[in-house]
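Structural overview
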Amino acid sequence: MINNEDITLETFKIYVSDKLKDEYPYIMNRILFYLTNEFDKVVAYYKEIIMNKVSSNDDKRQIGLNSPAINVEDYLEPDENGKIMIQDELYRIDPDVFKVINFITVHEIMDTLRNVVTKEYGIYFKREIDHKAQKEVMEVIKSISTNYLQNIYKQNRFDKRFSDMERNNLIENNMINHPSKTEYIYECIHTSVLIKYPNYSYFTKSSALKHNNV
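Residues numbered from 1 in each chain as written. Predicted model: local features only at pLDDT ≥ 70, side-chain atom pairs only at ≥ 80, totals over all residues. Heavy atoms only, no water.

**Details of the pattern of salt bridges**
- Tallying each qualifying case throughout the model produces 12 salt bridges.
- Ionic pairing is found between Asp18 and Lys21, a salt bridge with its closest N-O pair at 3.6 Å. Placement of the pair is Asp18 and Lys21 together in helix H1 (residues 9-21), with a separation of 3 residues, close to one helical turn.
- A salt bridge links Arg161 to Glu183; the nearest nitrogen and oxygen atoms lie 2.6 Å apart. One end of the pair, Arg161, is in helix H6 (residues 160-169); the other, Glu183, is in helix H7 (residues 181-205), and 22 residues separate them in sequence.
- Owing to a relative accessible area of 17%, Glu183 belongs among the buried residues under this scheme.
- If you follow the salt bridges from partner to partner, you end up with Glu10, Lys13 and Glu139 in one network. (Salt bridge = Lys/Arg side-chain N within 4 Å of Asp/Glu carboxyl O. Helix = DSSP H or I, 4+ residues; strand = E, 2+ residues; numbered from the N terminus. Buried < 20%, exposed > 50% of the residue type's maximum accessible area, 1.4 Å probe, protein only.)

Below you can see the structure in the form of structure tokens.
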């Protein structure tokens, strides 16, 4: 906590940056929850946000998940030629699933940044977000976004659950023999962060900082 009487915008930036460091485990757990309990809703949201931004002739972002299941794990199908190993069995998964995993991962990371900054700003400066406050909130977000995303990236790489998974479950052909479908999906979330990270610097300098634009 910080003293309301002494707080400046610069002090607030330091405070909220430190607070965001503790958010990473919750972010990962929320994403995993959405994928394993509300995957159908995530797909619907993906289509609402993304599909409206491309023309009918642009199929680059089209997905074929027309009747999505509630649990993303339902898309893991046994396949003797599959590249995914879970409890010694081979599986495949619809590649369109990864588009949705990438989408919800980036969306949740950026929403967390916006929501935490906005909430804490309201506590320490004012309850209602007027025009001046909106500008200051955006200034804080832009100022701390690069550091925030770097911390997400670092924590992702050194997360114990993920590193244990890589270290303990590798088999001779360098495949990971996942202990469960859920653990496999958890790995996909980590991979999504690592794949998306090179784009984050551009992401934070562009319209992606606008609410609900991911």
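Here the narrative resumes, following the displayed structure.
**Considerations on the environment of Glu136**
- Along the chain, Glu136 falls in helix H5 (residues 131-158).
- For the pair Glu136 and Tyr121, spaced 15 residues apart in sequence, the C-alpha separation works out to 8.9 Å.
- Setting aside chain neighbours within four positions, we find Glu136 in contact with Leu9 and Tyr121.
- A distance of 2.3 Å separates polar atoms of two side chains, one belonging to Glu136 and the other to Tyr121. (Contact = heavy atoms within 4.5 Å. Polar contact = N/O pair within 3.5 Å; in protein donor to acceptor, adjacent residues only side chain to side chain.)

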